[in-house]
Amino acid sequence: MTSPSNAPPPSPRARLRDRGFVGALALALPATALFACAPLLGVQVRVPASPWLFVLVYPVLEELVFRGLLQGWLLQRPALASPLATPAWLPRLAAANVLAAALFAAAHLLRSPWPWAVATFLPGLVFGWLRERHGGVLAPAIVHVSYNAAVRAGVTIGQAVLAGGQGVGSGG
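Notes on the structure in this doc start here.

Procedures and definitions
- Within each chain, residue numbers correspond to sequence positions counted from 1 in written order.
- Residues qualify for local features only when their pLDDT is at least 70, as the model is predicted, and side-chain atom pairs are given and counted only at 80 or more; totals for whole chains, interfaces and linings, by contrast, use all residues.
- Here the side-chain values reflect all heavy atoms present in the structure, with hydrogen atoms and water set aside.
- Counting from the N terminus, the helices are the DSSP runs of H or I reaching at least four residues and the strands are the DSSP runs of E reaching at least two.
- Classification of residues uses two cut-offs on accessible area relative to the type maximum, computed with a 1.4 Å probe and protein chains only: under 20% is buried, over 50% is exposed, and between them is partly exposed.
- Contacts are assigned to residue pairs that have any heavy atoms within 4.5 Å of one another.
- Only buried residues count toward a nonpolar core. Its members are Ala, Val, Leu, Ile, Met, Phe, Trp, Tyr and Cys residues joined through side-chain atoms within 4.5 Å.
- Here the axes come from fitting lines to C-alpha atoms, over the contacting stretch only for helices, and the angles between their N-to-C directions go from 0 to 180 degrees.
- Put simply, angles under 35 degrees are roughly parallel, angles over 145 are roughly antiparallel, angles from 65 to 115 are roughly perpendicular, and the rest are oblique.
- Note on residue classes: Ala, Val, Leu, Ile, Met, Phe, Trp, Tyr, Cys and Pro are nonpolar, Asp, Glu, Lys and Arg are charged, and everything else, Gly too, is polar.
- When the near helix sits turned anticlockwise from the far one by under a right angle, the crossing is termed left-handed; a clockwise turn instead gives a right-handed crossing.
- Any carboxyl oxygen of Asp or Glu within 4 Å of a side-chain nitrogen of Lys or Arg constitutes a salt bridge here.

## Some remarks on the overall build of the chain
For the chain, the helix and strand inventory stands at 9 helices and 0 strands. Taken from N to C terminus, the helices and strands of the chain fall in the order α-α-α-α-α-α-α-α-α. The 172 residues of the chain split such that 37% are buried. Taking all contacts inside the chain whose residues are at least 6 apart in sequence as the whole, residues at least 24 apart take part in 66%.

What follows is the structure, given as C-alpha cells:
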C-alpha cells in the first residue's frame, strides 16, 4: 500500500481495505476508555473548551505541519528516508518519521503537561507511518481526528461519571 510520491493517493475504498489504516483507527477505542478513567483516578486531563478546535482544527493543522511539511522535507534527505532497523513485529519506520514524531511531542510541551506531551510520541509515529504508507496527509489526518475525538469523548464521559452523571443525557 506504500505510494511513491508520483503515484495517485489511494482511494477511500482502498484505505478501508488497508488493515494498517483500520487498525490505527481502532486504537481510538482504548484511548476513549483510558481518558474516561483518568478523572476517576484523580488525573486531570484538560482539553480546549471548543470541541471543534480540539477534534477537527488542531489535528488537521498538526498533520499539515508535522507530516506534510516537516516529515515531507525530512523524507527528501536519503539518510532520513531509509527505514530504521526494527524488530520483525514492528512496521518499518523511517528516521524522518521518528524525528517528526519527537518534534510533534516536543511541540506539545508548549501547552500540555510533560506526561501528556510525551504520550503524543507514539501516536505521532502512527501518523507518520500512515503518511509514508499512504503517500500524503489525508490518512494520518483522519486517524488524528478520530484520536482527538476519542480523547474528548473519554474526558467528557469521565468527568460526567465523576460529577454524578450531570451533563450527559441529563436533559439540562
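Once the structure has been displayed, the description carries forward.
## Quick word on the nonpolar core
Counting 16 residues, the largest nonpolar core has Phe21, Ala24, Phe127, Leu130, Val143 and Tyr147 as its most contacted members. Those elements that provide at least two residues to this core are helix H2 (19–26), helix H3 (28–37), helix H6 (95–108), helix H8 (121–134) and helix H9 (138–162). Aside from chain neighbours lying at most four places away, what touches Tyr147 is Ala24, Leu27, Ala28, Pro123, Val126 and Phe127. Of all hydrophobic cores here, the second largest spans 8 residues; its members include Phe35, Phe54, Val55 and Val145.

## Regarding the environment of Trp52
Topologically, Trp52 is positioned in helix H4 (residues 51–75). For Trp52, a relative accessible area of 64% corresponds to the exposed category. Considered as a pair, Trp52 and Ala149 are 97 residues apart in the sequence and their alpha carbons are 9.6 Å apart.

## Comments concerning the packing of H2 against H3
Here H2 crosses H3 at 10°, and the two axes come no closer than 5 Å. Classified by the angle their axes make, H2 and H3 are roughly parallel. Only Ala28, Leu29 and Pro30 of H3 make contact with H2, whose side of the interface consists of Ala24, Leu25 and Ala26. Split by residue class, the contact of H2 with H3 holds 6 nonpolar, no polar and no charged.

## Looking at the environment of Tyr147
Assignment of secondary structure puts Tyr147 in helix H9. For Tyr147 and Ala24, which are 123 residues apart along the polypeptide, the C-alpha to C-alpha distance reads 9.3 Å.

## Concerning the packing of H4 against H6
Interaxial distance between H4 and H6 falls to 9 Å at its minimum, and their mutual angle equals 145°. H6 is crossed by H4, and the crossing has right-handed handedness. Across from Glu62, Phe66, Arg67, Leu70, Gln71, Leu74 and Leu75 in H4, the residues of H6 making contact are Ala96, Asn97, Leu99, Ala100, Ala101, Leu103, Phe104, Ala107 and His108.

## Concerning the pattern of salt bridges
Counting across every chain of the model gives 2 salt bridges. We note a salt bridge from Arg133 to Asp18, for which the minimum N-O separation is 2.6 Å. Of this pair, Arg133 sits in helix H8 while Asp18 is found in the loop between helix H1 (12–17) and H2, placing the two residues 115 residues apart along the sequence. With relative accessibility at 23%, the residue Arg133 sits in the partly exposed group.

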